[in-house]
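Take a look at the letters that make up each chain.
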Amino acid sequence: GAVVSQHPSWVICKSGTSVKIECRSLDFQATTMFWYRQFPKQSLMLMATSNEGSKATYEQGVEKDKFLINHASLTLSTLTVTSAHPEDSSFYICSALDSRNTEAFFGQGTRLTVV
Amino acid sequence: ELKVEQNPLFLSMQEGKNYTIYCNYSTTSDRLYWYRQDPGKSLESLFVLLSNGAVKQEGRLMASLDTKARLSTLHITAAVHDLSATYFCAEDQNQGAQKLVFGQGTRLTINP
């Protein structure tokens, strides 16, 4: 089956620092990946769509200068939370679209805590 | 504005009982997904419903899709404790592009 790996699974960082989260498709090529954010006891909200070799498309209300997305290869997308603040603490989940199927597969998620 | 609404949002039930979670969505999409999420974990795909009238079953769970009514249901039969989790439905915003809009989630607790 299609496997999507996210790293790290959890990270604690100091306020004002930057954190990079990786999303890899392990056994398929993903031209499109998605980044979601989930606050405690809430649903998932799409932050941005990441397309290989082009700029990401951000959803309304998501600051593109704060959440930098890079999709440099067909198997890797990264999300960098710049100048993190406590309100950025959340569960970040990526998904990767396997174009051979009709489904995107989710990574394990990254729990970010900013202190 | 695209909207996906689930009900109930919280459900506490006894083992052995049956219940249904409802998912109403706002567009004419014919793609609807159901996921399970355990505390602290990511999403586990349960069902992918790709056409009107689609019905899929796995164990004690059965999902259906009525695109005319813009309604999907997740039916639980003879619930067991292991099914306790949060269940999300999601609509594909862009027919196959997998840009998903999620419902609020239904937190299901099954008591022995």
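Preceding block: the structure.
Let me sum up the structure you'll find in this document. This one's a predicted model, so the numbers in the text were calculated from it and none came from an experiment.

What counts and how
Residues numbered from 1 in each chain as written. Chains lettered and ligands numbered in written order. Predicted model: local features only at pLDDT ≥ 70, side-chain atom pairs only at ≥ 80, totals over all residues. Heavy atoms only, no water. Pairing = 2+ DSSP bridges. Helix = DSSP H or I, 4+ residues; strand = E, 2+ residues; numbered from the N terminus. Axes fitted to C-alpha atoms, helices over the stretch in contact; angles between N-to-C directions. Disulfide = S-S within 2.5 Å. Buried < 20%, exposed > 50% of the residue type's maximum accessible area, 1.4 Å probe, protein only. Patch = residues over 30% accessible without salt bridge, like charges linked within 9 Å, V, L, I, M, F, W, Y side chains within 5 Å. Areas by Shrake-Rupley, 256 points an atom, 1.4 Å probe, with all protein chains shown as cover. Salt bridge = Lys/Arg side-chain N within 4 Å of Asp/Glu carboxyl O. Phe/Tyr/Trp six-rings, centres within 6.5 Å; stacked < 30°, edge-to-face > 60°. Lys NZ or Arg CZ within 6 Å of the ring centre and 35° of its normal.

1. Thoughts on the sheet that holds strand S3 (residues 19–25) of chain A
All names here are of chain A.
So, step 1. Overall, antiparallel pairing links the 4 strands, which are arranged S1-S3-S8-S7 in an open sheet. Bordering the open sheet on either side are strand S1 (4–7) and strand S7 (67–73), each of which pairs with just one other strand. On average, each strand axis in the sheet is tilted by 15 degrees relative to the strand beside it, whichever way the strands run.
So, step 2. Sheet topology places S1 next to S3; 4 bridges connect them, and they run antiparallel. Looking at S3, one finds that Gln6 is bridged to Cys23.

2. Considering the state of the cysteines
Simply put, disulfide is the name for a covalent bond between the sulfur atoms of two cysteines.
All names here are of chain A.
So, step 1. Applying the stated criterion to the full structure yields 2 disulfides over all chains.
So, step 2. Residue Cys23 pairs covalently with Cys94 via a disulfide, S to S 2.0 Å. Taking the sign of the S-S torsion, about 80 degrees here, the bridge from Cys23 to Cys94 comes out right-handed. Taken as a pair, Cys23 in strand S3 and Cys94 in strand S9 (residues 90–98) lie far apart in primary sequence, 71 residues in all.

3. Remarks on the side chain of Thr80 of chain A
So, step 1. Counting through the fold element by element, Thr80 of chain A comes out in strand S8 (residues 76–81).
So, step 2. Judged by relative accessible area, Thr80 of chain A falls into the buried class, the value being 15%.

4. Some details on a nonpolar patch on the surface
So, step 1. Taken together, the side chains of Trp10, Ile12 and Val115 of chain A define a hydrophobic patch exposed on the protein surface, amounting to about 380 Å² of accessible area.
So, step 2. Considering the arrangement of structural elements, one finds Val115 of chain A in the segment after strand S11 (110–114).

5. Here's the deal with the packing of aromatic side chains
So, step 1. What the rule picks out here adds up to 9 aromatic pairs over all chains.
So, step 2. For the ring pair Tyr36 of chain A and Phe106 of chain A, a centre distance of 5.8 Å and an interplane angle of 40 degrees mean the geometry is tilted. With Tyr36 of chain A in strand S4 (residues 32–38) and Phe106 of chain A in strand S10 (residues 103–106), this pair connects stretches of sequence that are 70 residues apart. An identical accessibility class is assigned to Tyr36 of chain A and Phe106 of chain A; each is buried.
So, step 3. On the basis of relative accessibility, which here comes to 0%, the residue Tyr36 of chain A falls in the buried class.
So, step 4. Within the aromatic cluster, the residues linked to one another by ring pairs are Tyr36 and Phe106 of chain A together with Tyr33, Tyr35, Phe88 and Phe102 of chain B.
So, step 5. Residue placement shows Lys66 of chain A over the ring face of Phe67 of chain A; its charged tip is 6.0 Å from the ring centre.

By themselves, these figures tell us nothing about what the structure is for.
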